[in-house]
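The primary structure of each chain is shown beneath.
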Amino acid sequence: MTADSPAPSARPAPPAPGDPAAPARPVEPPPLDGVTVVAVEQAVSAPFATRQLADLGARVIKVERPDGGDFARAYDTAAHGLASHFVWANRGKESIALDLKDPRGLEVLHGLLDGADVFVQNLAQGAAARLGLDAAALCARYPRLVAVDISGYGSEGPYAHKRAYDMLVQCEAGLVSVTGTPERPVKAGIPAADIAAAMYAFSGVLAALLRRGTTGRGGPVEVSMLDALAEWMGHPLHHTMHGGEQPVRTGLAHAVIAPYDAYPTADGDRVLLSVQNDREWRRLAEQVLERPELAEDPAYATNAARTRGREKTDAVVAEALAGLGADEAIGRLEAAGIACARLNSVAQLAQHPQLAARDRWREVGSPAGPLRALLPPIGLPGGAAPHMGAVPALGEHTGPLLRALGMTDAQITTLRRDGVVA
């Protein structure tokens, strides 16, 4: 603006937050409101991916076999008689039971796909293609459809038709080789390969929907469990490939930092602590171990020395913490600015004070009644609450979905009688 330019007209200051004059901000709708997902899914990888979509407001129609449905329904009965895996990965969905090997069942599925935005499947390799349900075939038939193929090892290559379960892929991806103790490798205690594939499928769907918004076209999305978990192995992979050695298994310890481990406390708990540098060691020695002389002792004063003498380092830390209760130990460590954590059980996680303080628990419906469930990790402040619908019974929505496709009660009765639907 030059000196001769007129001054801009003054604008009133916006109302301060909480000012009664400030207009109420409308609640944003769920980001996937209006998106319909059809999923021919089982076990964990595809169901967990589509549950993320359901949490964000998508309508998810889960297609199951009439003879028992998703086999994850029978994994256990720990959740009030329901399978814990199934409860975790399938809330907020509608269940329709279809025999896709019967042409009539396949016709119903295509009726659902006519109005769908996304299709997800994780059938055994080759099974979807035999039914014409692979991503390439469906995207050719439905140009706006985002179609996701989740597989164990990908659609090509010597492993394409190998059976792929989570533990097998953990082994193939090398995760097991870096997890455990020096004496024994162990798998991760959660289905890491399934979860990795699920989250890449989820993000792939979001990216494809965003692209469709500009191009008008959907397209295939391909995710393999091996590719997903190999990506998660990035640090040990790059470390090993580019001149280093494979990281050794150290249990809860760290290969190049000491002290870094979980130590028993007087009340039977275990507290993990991590000393990242020599300044922190000094504070640990003075304020927690109450042995200030160790701050200057050449056997402990540097991380290199502490790592070389790891057994002695761990012994002095363990001796000090063994005389303290877990709460007292954590109090001293936090006061000294030392990173620490309680080694919680799963039951303790369910009662974690941080989750309770942040109101992270909700109840969802199920055939067995209300069940506790955590809010989704993705928070969208100012938006509608996450959609945390009920866990469906097998075929709970078959009738309404078939009627929505224009079928009469007589036609539905015939399909039920013939075992095409349930």
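Residues numbered from 1 in each chain as written. Predicted model: local features only at pLDDT ≥ 70, side-chain atom pairs only at ≥ 80, totals over all residues. Heavy atoms only, no water.

Enquirer: In this structure, what is going on with helix α10 (residues 278–288)? I would like to understand it.
Expert: Every α-helical turn comprises 3.6 residues, leaving residues that sit three or four positions apart pointing alike. Regarding α10, the residues found buried are E280, W281, L284, A285 and V288. Here the buried residues of α10 occupy an arc of 140° about the axis, which is enough to place them on one side. Residues of α10 that are buried sit in contact with β8 (270–274), α11 (303–308), α12 (310–322) and α13 (326–335). N-cap assignment for α10: the residue whose side-chain oxygen lies 3.1 Å from the backbone N of R279 is N277. Backbone geometry just after α10 places E290 at a positive phi near 55°. (Buried < 20%, exposed > 50% of the residue type's maximum accessible area, 1.4 Å probe, protein only. Helix = DSSP H or I, 4+ residues; strand = E, 2+ residues; numbered from the N terminus. Arc of directions from axis to C-beta. Contact = heavy atoms within 4.5 Å. Polar contact = N/O pair within 3.5 Å; in protein donor to acceptor, adjacent residues only side chain to side chain.)

Enquirer: Explanation requested: the environment of G154 in the structure shown.
Expert: With respect to the helices, strands and loops of the structure, G154 is situated in the loop between β5 (146–151) and α6 (166–172). Relative accessible area serves as the criterion here: at 14%, G154 is assigned to the buried category. The spatial distance from the C-alpha of G154 to the C-alpha of Q125 is 8.5 Å, given a sequence separation of 29 residues. Leave out the neighbours within four places in its chain, and G154 touches Q125, A160 and S224.

Enquirer: Before we go on, may I ask you to explain the nonpolar core in this structure?
Expert: Across soluble globular proteins, nonpolar side chains have a tendency to be buried as a group. Of all hydrophobic cores here, the largest spans 41 residues; its most connected members are V37, V118, V120 and V148. Elements with a contribution of two residues or more to this core: β1 (36–40), α1 (45–55), β4 (118–121), β5, α7 (192–215), β6 (219–224) and α8 (225–232). Per-element accounting of this core gives the leading share, 11 residues, to α7. Beyond its immediate sequence surroundings of up to four residues, V148 is in contact with F119, V120, Q121, A201, V205 and V221. One finds I61, L100, A116 and A147 within the second-largest nonpolar core, a separate group that totals 28 residues. (Core = buried A, V, L, I, M, F, W, Y, C linked by side-chain atoms within 4.5 Å.)

Enquirer: Hey, could you run me through the packing of aromatic side chains in this one?
Expert: Any aromatic ring pair is given by two values, namely how distant the centres are and how the planes are angled relative to each other. Inspection of the entire model under this criterion finds four aromatic pairs. Look at F48 and W88: their rings are 4.6 Å apart centre to centre, the planes differ by 35°, and that puts the pair in the tilted class. Note that F48 is positioned in helix α1 and W88 in helix α2 (residues 84–89), a separation of 40 residues in sequence. Overall, W88 belongs to the partly exposed group, its relative accessible area being 30%. Geometrically, the ring pair formed by F71 and Y75 is tilted, given 6.0 Å between the ring centres and 55° between the ring planes. (Phe/Tyr/Trp six-rings, centres within 6.5 Å; stacked < 30°, edge-to-face > 60°.)

Enquirer: I tried to follow the sheet that holds β5 on my own but got confused; where do I start?
Expert: Hydrogen bonding along the main chain pairs the strands of a sheet, whether they run parallel or antiparallel. If you trace the six strands from one edge of the open sheet to the other, you get β3-β2-β1-β4-β5-β6, paired in parallel fashion. Lying at the two open borders of the sheet, with one neighbouring strand each, are β3 (93–97) and β6. Going across the sheet, the axis of each strand differs from the next one's by a mean of 20°, ignoring polarity. Relative to β5, α7 is tilted by about 160°, and along the sheet it contacts β4, β5 and β6. Of the strands in this sheet, β5 and β6 touch α8, which is tilted by about 65° from β6. (Pairing = 2+ DSSP bridges. Axes fitted to C-alpha atoms, helices over the stretch in contact; angles between N-to-C directions.)

Enquirer: How should I be thinking about the pattern of salt bridges in this particular structure?
Expert: A side chain of one charge can pair with a side chain of the opposite charge if their charged atoms are brought near each other. Following the criterion strictly, the structure yields 22 salt bridges and no others. For R73, the salt bridge is made with E64, and the minimal N-O distance between the two is 2.8 Å. When the shortest N-O distance is used, the salt bridge between E293 and R291 registers 3.1 Å. Look at E293 and you get partly exposed, because its relative accessible area is 45%. (Salt bridge = Lys/Arg side-chain N within 4 Å of Asp/Glu carboxyl O.)

Enquirer: Where do I start with α12 in this structure?
Expert: Taking 1.5 Å of rise per residue, 13 residues should cover 18 Å, and α12 covers 18 Å from first to last C-alpha, within 8% of that figure. Taken together, the buried positions of α12 are R310, T313, D314, V316, V317, A320 and L321. Around the axis of α12, the buried residues are gathered within 160° of arc, so they sit on the same side. In α12, the exposed residues that point more than 90 degrees away from the buried face are E311 and E319. Contact partners of the buried residues in α12: β7 (260–264), β8, α10, α11 and α13. (Expected span 1.5 Å × (residues − 1).)

Enquirer: How do you make sense of the environment of M241 when you look at a structure like this?
Expert: Position of M241 among the secondary structure elements: in helix α9 (residues 234–241). Residue classification places M241 among the partly exposed residues on the basis of a relative accessible area of 49%.

Enquirer: What exactly am I supposed to notice about the pairing of β5 here?
Expert: When a strand is regular, its side chains alternate between the sheet's two faces. The element β5 is largely enclosed, with a buried count of six among its six residues. Of the two faces of β5, the one lined by V146, V148 and I150 and the one lined by A147, D149 and S151 are each fully buried. Both β4 and β5 contribute to a ladder of four bridges, which runs parallel. Bridge assignment links F119 to a residue of β5, and that residue is A147.

Enquirer: For this particular structure, what's the right way to read the sheet that holds β7?
Expert: On the basis of which strands lie adjacent, the open sheet formed by three strands has the order β7-β8-β9 and antiparallel pairing. Where the open sheet ends on each side, the last strands, each with one partner, are β7 and β9 (339–342). The average undirected angle you get between the axes of adjacent strands in this sheet is 20°. Of the strand pairs in this sheet, β7 and β8 are connected by five bridges, and their pairing is antiparallel. Looking at the pairing, A262 lines up with L272 of β8.

Enquirer: Would you mind showing me how to read the side chain of E64 here?
Expert: Mapped onto the elements of the fold, E64 is located in strand β2 (residues 59–64). A polar atom in the side chain of E64 sits 2.7 Å from the side chain of S95. Contact partners of E64, with chain neighbours within four places excluded, come to G69, D70, R73, F86, S95, I96, A97, L98 and L394.

Distances and angles like these do not, on their own, reveal function.
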